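# Reading the structure
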Amino acid sequence: MTAPPPGLRYDPPGPRGRRRVAAGTAVAVVLVLVVAGLALARLARQGQFAWSRWAPLLDPRDPSFRPLWHFLIGGLGSTLLAAGATIACSLVLGTLLATLRTVSARWYRWAVVGLIELLRGVPVVIAIFFASRVLPEIDPALDLPLIWYVVIGLVVYNSVVIAEIVGAGLAAVPRGQAEAALAVGLSRGQSLRLVLLPQAFWIMLPALIS
Amino acid sequence: MDAVLDNLDVYVSGLFTTLRLCLWSGAIALVAGTVMASFRVSPVPVLRGVGTAWVTTLRNTPLTVILFFIAFGLPEIGLRGSYSGFAIAGLSLYTSAFVCEALRSGVNAVSAGQVEAARSIGLTFSQALRHVILPQAFRSSIPPLVSVVIAMIKNSAVAGFFGVAGDLSANGQSLTSAQGYAALPVLTGVVIFFWFLTVPAGLLLAVVERRVAVIR
């Protein structure tokens, strides 16, 4: 989304406007500096800047330095693993759901739509909490590493979000494409796979990334 | 099922606590987001910078981390408050960034002729913003704004894990862990009560979209 050139919304400020802006900026900067100074002074009084507090993060000679960074980098790894697994699974599931929604016959489409709409209304924390509490309750023998509960919860949530995006992407492909695909004798499944989804993918890329 | 029916009062009070949390956060986020959106389109470079920094910081920080900072960081430097106050602060800060972006895209969608007309009859930038640009921007931002609000209602579930007593997610948590009810019915109940908040918002969106859709 590009903003219209600023000149449309206002004239470029003249000498007087520029002076006013400069004065206002100066006042605001002074105010911000004063507030920041007060906050920093307060933090310093409470010993928040004591080197002993920061050394584990910043000083390689501190005994806690290595374990702390080890821990943080391990966390980054787990986050990447959870995110990667979630993205992969929910892309597949979301595309399946969206396809199901477009090709489904009327008598069961309401079930697909209802499922998507209901899962969309579930807070993601509750989805994760649900997975971590309910799955072991259903099968006590289930002994997944904890991170997979996070992945399951996130996949449930994100696959319906992705299904919405894919649905919108499919709807944005010009109608003629689907008609042409059917006209050359592709089945509905083939036309989706070979013609519509590849084009929809490019349309929905920005939404998917965000 | 009994777990839900026996504790219906717990759920209903949780619903109202969550609703109160969301009304406050939503109102504050709407105001803060509008201010930041006007900053981002203003002729003053410093204000544009402030708006951009605000959005970039808050949008790229996980809500959980923001709540961590507010709920456990502020008391450490001597600012004390109730946990629901902290939750409202965190939730509205986070949401304001999304409100700002939704509104800014609405501002960009106001047609250039409107803005030029406002300027040519001599309105200053702030007058044009208040009387011409923002009213139209709000109309065309309603769908994204409602999505932001629905997301906020669901995000408020995080607050229950940060010591806010008595909202839906905290109540669900205490029913399963402290009081030992089976998780499946209790959490299904929590989800259904969240639907009481989010599904009407979605339906409202459908109605509003039809009624105030801007005709160009």
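To keep things clear, this report deals only with the structure shown in the data block.

Each value, and the rule that gives it
- Per chain, residues are indexed from 1 in the order of the written sequence.
- Labels follow written order: the first chain is A, the first ligand is 1, and so on.
- Where local features are concerned, this predicted model is filtered to residues with pLDDT of at least 70; where side-chain atom pairs are given and counted, the filter is 80 or more; whole-chain, interface and lining totals use all residues.
- Water and hydrogen atoms play no part in the side-chain values, which are based on all heavy atoms of the structure.
- Per the convention used, a helix needs a DSSP run of H or I reaching at least four residues, while a strand needs a run of E reaching at least two, with both numbered from the N terminus.
- Categorising residues by exposure relies on relative accessible area from a 1.4 Å probe, with only protein chains included: less than 20% of the type maximum marks a residue as buried, more than 50% marks it as exposed, and the intermediate range marks it as partly exposed.
- Here, Shrake-Rupley sampling with a 1.4 Å probe gives the accessible areas, and only protein chains in the shown set may cover a residue.
- The positive count covers Lys and Arg only, the negative count covers Asp and Glu only, and His and the chain ends enter neither.
- Lys charges are placed at NZ, Arg charges at CZ, Asp charges at CG and Glu charges at CD.
- Fitted lines through C-alpha atoms give the axes, limited to the stretch in contact for helices. The angle between two N-to-C directions lies from 0 to 180 degrees.
- Under this scheme an angle from 65 to 115 degrees is roughly perpendicular, one under 35 degrees roughly parallel, and one over 145 degrees roughly antiparallel; angles in between are oblique.
- Crossing handedness is read from the near helix: turned anticlockwise from the far helix by less than a right angle, it gives a left-handed crossing, and turned clockwise, a right-handed one.
- For this analysis, residues touch if any pair of their heavy atoms sits within 4.5 Å.
- Nonpolar cores are built from buried Ala, Val, Leu, Ile, Met, Phe, Trp, Tyr and Cys residues. Side-chain atoms within 4.5 Å join them into one set.
- Expected span, for any helix, means 1.5 Å times one less than how many residues it has.
- Accessible area, probed at 1.4 Å, shrinks when two parts are joined; the buried area is that loss added up over both.
- The working definition used for a salt bridge is a side-chain nitrogen of Lys or Arg within 4 Å of a carboxyl oxygen of Asp or Glu.
- Distance and chemistry together define a polar contact, namely a pair of N or O atoms within 3.5 Å, with one atom able to donate a hydrogen and the other to accept it when in protein, and with adjacent residues in sequence counting only for side-chain atoms on both sides.
- The aromatic pairing rule takes the rings of Phe, Tyr and Trp, using the six-membered ring of Trp, and pairs them if the centres are within 6.5 Å, calling planes under 30 degrees apart stacked, those over 60 edge-to-face and the rest tilted.
- Residues enter patches when their relative accessible area tops 30% and they take part in no salt bridge; the joining distance is 9 Å for like charges and 5 Å for the nonpolar side chains Val, Leu, Ile, Met, Phe, Trp and Tyr.
- Each residue gets one of three labels, nonpolar for Ala, Val, Leu, Ile, Met, Phe, Trp, Tyr, Cys and Pro, charged for Asp, Glu, Lys and Arg, and polar for the others, Gly among them.

### Thoughts on the overall build of chain B
On a plain count of helices and strands, chain B comes out with 9 helices and 0 strands. Helices and strands appear in chain B in the N-to-C order α-α-α-α-α-α-α-α-α. Classification of the 216 residues of chain B by burial places 44% in the buried group. About 10100 Å² of surface is accessible on chain B, with carbon and sulfur atoms providing 68% of the total. Both charge centroids of chain B, one from 13 positive and one from 8 negative side chains, sit 19 Å from each other.

### Quick look at the packing of helix 4 (residues 63-76) of chain B against helix 5 (residues 83-109) of chain B
All names here are of chain B. Relative orientation of the contacting elements helix 4 and helix 5 amounts to 140°, with a least axis distance of 9 Å. One finds that helix 4 runs oblique with respect to helix 5. For the pair helix 4 and helix 5, the sense of crossing is right-handed. The residues of helix 5 that touch helix 4, namely those facing Leu63, Ile66, Leu67, Ile70, Ala71, Phe72, Leu74 and Pro75, are Tyr83, Phe86, Ala87, Ala89, Gly90, Leu91, Leu93 and Tyr94.

### Details of the side chain of serine 191 of chain A
Summarising the element assignment, serine 191 of chain A is placed in helix 8 (residues 188-209). Filtering out sequence-adjacent residues up to four positions away, serine 191 of chain A remains in contact with Ala181, Leu182, Leu186 and Leu196 of chain A.

### A look at the nonpolar core
Within the largest apolar cluster, 36 residues are counted, with the highest numbers of intra-cluster contacts made by Ile126 of chain A together with Tyr11 and Phe194 of chain B. The set of elements that each furnish at least two residues to this core consists of helix 5 (124-138) of chain A together with helix 1 (2-6), helix 2 (8-40), helix 4, helix 5, helix 7 (125-155), helix 8 (168-177) and helix 9 (183-212) of chain B. Those residues in contact with tyrosine 11 of chain B, other than ones at most four positions away along the chain, are Ala3, Val4, Leu168, Leu175, Pro185, Val186, Gly189, Val190 and Phe193 of chain B. Val112, Ile162, Ile165 and Leu170 of chain A belong to the second-largest nonpolar core, a separate cluster that totals 18 residues.

### A word on helix 1 (residues 15-45) of chain A
Taking 1.5 Å as the rise per residue, helix 1 of chain A with 31 residues should run 45 Å; its terminal C-alpha atoms sit 45 Å apart, in good agreement. Among the residues trailing helix 1 of chain A, glycine 47 of chain A stands out with phi positive, at a value near 75°.

### Re the interface of chain B and chain A
How large an interface is tends to be reported as the accessible area lost when its parts come together. Contacts between chain B and chain A engage 38 residues on the former and 28 residues on the latter. Both faces combined, the contact of chain B with chain A buries some 3000 Å², and carbon together with sulfur accounts for 67% of it. Here chain B and chain A share 0 salt bridges between them. Taken together, the connections running from chain B to chain A amount to 3 residue pairs in polar contact (both at pLDDT 80 or more). Put simply, the parts of the chain that give the side of chain B that touches chain A at least two residues each are helix 3 (45-59), helix 5, helix 6 (112-120), helix 7, helix 8 and helix 9 of chain B.

### Things to note about the packing of aromatic side chains
Taken as a whole and judged by the stated rule, the model has 8 aromatic pairs over all chains. Arranged with centres 4.8 Å apart and planes meeting at 65°, the rings of tryptophan 107 of chain A and tyrosine 108 of chain A form a pair that is edge-to-face. Taking the centre distance of 5.1 Å and the plane angle of 15° together, the rings of tyrosine 11 of chain B and phenylalanine 193 of chain B count as stacked. On the criterion of sequence distance, the pair formed by tyrosine 11 of chain B in helix 2 and phenylalanine 193 of chain B in helix 9 is long-range, its members being 182 residues apart. Looking at tyrosine 11 of chain B, the relative accessible area reads 1%, which means it is buried.

### Focus on the pattern of salt bridges
Enumeration according to the criterion identifies 7 salt bridges over all chains in this entry. Arginine 101 of chain A is paired through a salt bridge with glutamate 164 of chain A; the nearest N and O atoms lie 3.4 Å apart. Of the two residues, arginine 101 of chain A sits in helix 3 (residues 65-103) while glutamate 164 of chain A sits in helix 6 (residues 146-172), which places them 63 residues apart along the sequence. What makes glutamate 164 of chain A partly exposed here is its relative accessible area of 24%. The closest approach of N and O atoms between glutamate 101 of chain B and arginine 104 of chain B, which form a salt bridge, is 3.1 Å. Taken as a pair, glutamate 101 of chain B and arginine 104 of chain B lie in helix 5 at a separation of 3 residues, close to a single helical turn. Per residue, the accessibility class of glutamate 101 of chain B equals that of arginine 104 of chain B, and both read buried.

### A few points about a nonpolar patch on the surface
Residue and element names in this part refer to chain B. A cluster of nonpolar side chains, namely Leu5, Leu8, Val12, Phe16, Leu19 and Leu23, defines an oily patch on the protein surface of about 530 Å² accessible area. With 5 residues, helix 2 is the single largest residue contributor to the nonpolar patch. Leucine 19 sits in the partly exposed class, given a relative accessible area of 31%.

### Some details on the packing of helix 2 of chain B against helix 5 of chain B
All names here are of chain B. The contact between helix 2 and helix 5 brings their axes to 6 Å, and the two run at 40°. When the interaxial angle is binned, helix 2 and helix 5 end up oblique. Considering the relative orientation of helix 2 and helix 5, their crossing is right-handed. Residue classes in the contact of helix 2 with helix 5 are distributed as 14 nonpolar, 7 polar and 4 charged.

Take it as geometry only, folks, not as evidence of what the structure does.
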